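# Survey of secondary and tertiary structure
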Protein chains: 2
Amino acid sequence: MSLLFRRSISSMASLKKASKVVCIGRNYADHITELSSARPKQPFFFLKPASSILAPGEGPVIRPKGVDLHYEVELALIIGKQVKDLEADDEKGAMDAIESYAMSIDMTARNAQNEAKKKGLPWSISKGFDTFLPVSQIIPKSAIPDPHNVEIYLTVNDKIRQNDSTNLMLFQIPRMLSDISKVMTLEKGDIVITGTPKGVGSVVPGDIMRAGIKVGGKDIQEGKIEVG
Amino acid sequence: MSLLFRRSISSMASLKKASKVVCIGRNYADHITELSSARPKQPFFFLKPASSILAPGEGPVIRPKGVDLHYEVELALIIGKQVKDLEADDEKGAMDAIESYAMSIDMTARNAQNEAKKKGLPWSISKGFDTFLPVSQIIPKSAIPDPHNVEIYLTVNDKIRQNDSTNLMLFQIPRMLSDISKVMTLEKGDIVITGTPKGVGSVVPGDIMRAGIKVGGKDIQEGKIEVG
Ligand SMILES: [Mg+2]
Ligand SMILES: [Mg+2]
Ligand SMILES: [Mg+2]
């Protein structure tokens, strides 16, 4: 076993030990439009349980009975230290808080989520099933010089469904980490997923999702996800 | 340092390492009435982050600016092993899954929660601020022969605000653990809080909350919470 391979394995084990996974909602304008949602005046966020994390090779994503299962490709930040009450204009503080990156798919039981929204109920069930957070290998921080200028994409059965630049984010990372850390202290190992661009849609058992990230037009190997 | 004291400290440290805190909503009929909520046909639940846990002696609870801060006293279950797809009629399986108990106060930013409900947004922010989950010491399992037949109570400045028997729960523990574990696998160390009886209300800085649990009319020492 190579040194590199062993490091990946232990990083993945530690992802699953995240004390929380914080997810930004409605952070790309065209995605808000496609779901007929209201544009938020400030970032809002919700939690997925660490038990929903699906490490590379651990698939497939399990579709619960009766669920309209949607994909949402998202850039994930792995937090490297405790962050509390970060100021929104503290760009250096925000970047220093990031230890590394990963790609992720925020799987969503869309019909259950729509019903929860209508009834004013929590999103936790519709977002929190086992296998609802496929992640890639850890992407070293050095591979992403500017997280607001990368392309993230997702294909289903080799057809492109999502493909946009993170420069379309409504709220950028310093603002997100500020708003989150003024509510809940971020801890080393926590994961923040940063919202999904337009193009979300349904998958059914047997479909193959592939997701990834391009920096300067070139795929980052560690950021690739392939899951059934 | 006595052996007993050391054991409590290490148990508390492990509570904060819970991989998730799952919270049952609307599980006592009179509490549903007082908040004018709809009675659920099945248990529903949401997540609080482990970062919201406030161990004994760590107070006070911090009220965020502009927040109408409500208390909700709840019996907490500490899970002792992995639980997945438990059947609702598996009472033995449910009881075997419980390692110990604790008392807890599910602090809630009620105005933020009401606004989230109206807008169909997640509850995570209104439930997830730092210090929003005061807990007691660990209560040994043997101290609670029947978790559906204990009294839980909460006082504010020595006035009784909540005081009811857990026999009023709409959904009992086997049903809760079944429903949760069919969505998200429960892991050793996870915490499940089981809903609050009637009597919730506001506290302001300076108020002293005391909570506890009585078994056969007698207070369990480990279950006492005192927090500003
Ligand atoms: Mg929620
Ligand atoms: Mg998402
Ligand atoms: Mg509650």
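Above this note sits the structure.
Computed from a prediction, not measured in an experiment: that's the story for all the values here. (Residues numbered from 1 in each chain as written. Chains lettered and ligands numbered in written order. Predicted model: local features only at pLDDT ≥ 70, side-chain atom pairs only at ≥ 80, totals over all residues. Heavy atoms only, no water.)

Our next topic: the overall build of chain A. The helix and strand inventory of chain A stands at six helices and 16 strands. Computed over the C-alpha atoms, the radius of gyration of chain A is 16 Å, within 12% of the 17 Å expected from 2.2 N^0.38 for a compact globule of 228 residues. Taken along the three principal axes of its C-alpha coordinates, chain A extends 45 × 40 × 30 Å. Taken across its 228 residues, chain A has 57% of its residues classed as buried. Long-range contacts, defined here as pairs at least 24 residues apart, represent 79% of the contacts in chain A between residues at least 6 apart. Of the roughly 9700 Å² of accessible surface on chain A, a fraction of 51% belongs to carbon and sulfur atoms. Put simply, chain A has 30 plus and 27 minus side-chain charges, and the middle of one group is 3 Å from the middle of the other. (Helix = DSSP H or I, 4+ residues; strand = E, 2+ residues; numbered from the N terminus. Rg over C-alpha atoms; globule rule 2.2 N^0.38 Å. Buried < 20%, exposed > 50% of the residue type's maximum accessible area, 1.4 Å probe, protein only. Contact = heavy atoms within 4.5 Å. Areas by Shrake-Rupley, 256 points an atom, 1.4 Å probe, with all protein chains shown as cover. Lys, Arg positive; Asp, Glu negative; His and termini not counted. Charge placed at Lys NZ, Arg CZ, Asp CG, Glu CD.)

Looking now at the packing of aromatic side chains. Scanning the entire structure with this criterion turns up six aromatic pairs over all chains. Seen from their ring centres, B:Phe44 and B:Trp123 are 5.6 Å apart, and the 90° between their planes marks the pair as edge-to-face. Taken as a pair, B:Phe44 in strand 2 (residues 44-48) and B:Trp123 in the loop between helix 4 (110-119) and helix 5 (124-128) lie far apart in primary sequence, 79 residues in all. An identical accessibility class is assigned to B:Phe44 and B:Trp123; each is buried. A connected cluster of aromatic rings, assembled from ring pairs, spans A:Phe44, A:Phe46 and A:Trp123. Above the plane of the ring of A:Tyr153 lies A:Lys214, whose end atom (NZ or CZ) is 5.6 Å from the centre. (Phe/Tyr/Trp six-rings, centres within 6.5 Å; stacked < 30°, edge-to-face > 60°. Lys NZ or Arg CZ within 6 Å of the ring centre and 35° of its normal.)

Residues and elements named next belong to chain B. Most of strand 10 (residues 151-156) is tucked away, with five of its six residues classed as buried. Where strand 10 lies against strand 11 (residues 159-165), six bridges are found, and the strand directions are antiparallel. Among the inter-strand pairings, tyrosine 153 is bridged to a residue of strand 11, identified as asparagine 163. In sequence, strand 10 turns back onto strand 11 through a hairpin of two residues, with asparagine 157 there showing a positive phi of about 50°. (Pairing = 2+ DSSP bridges.)

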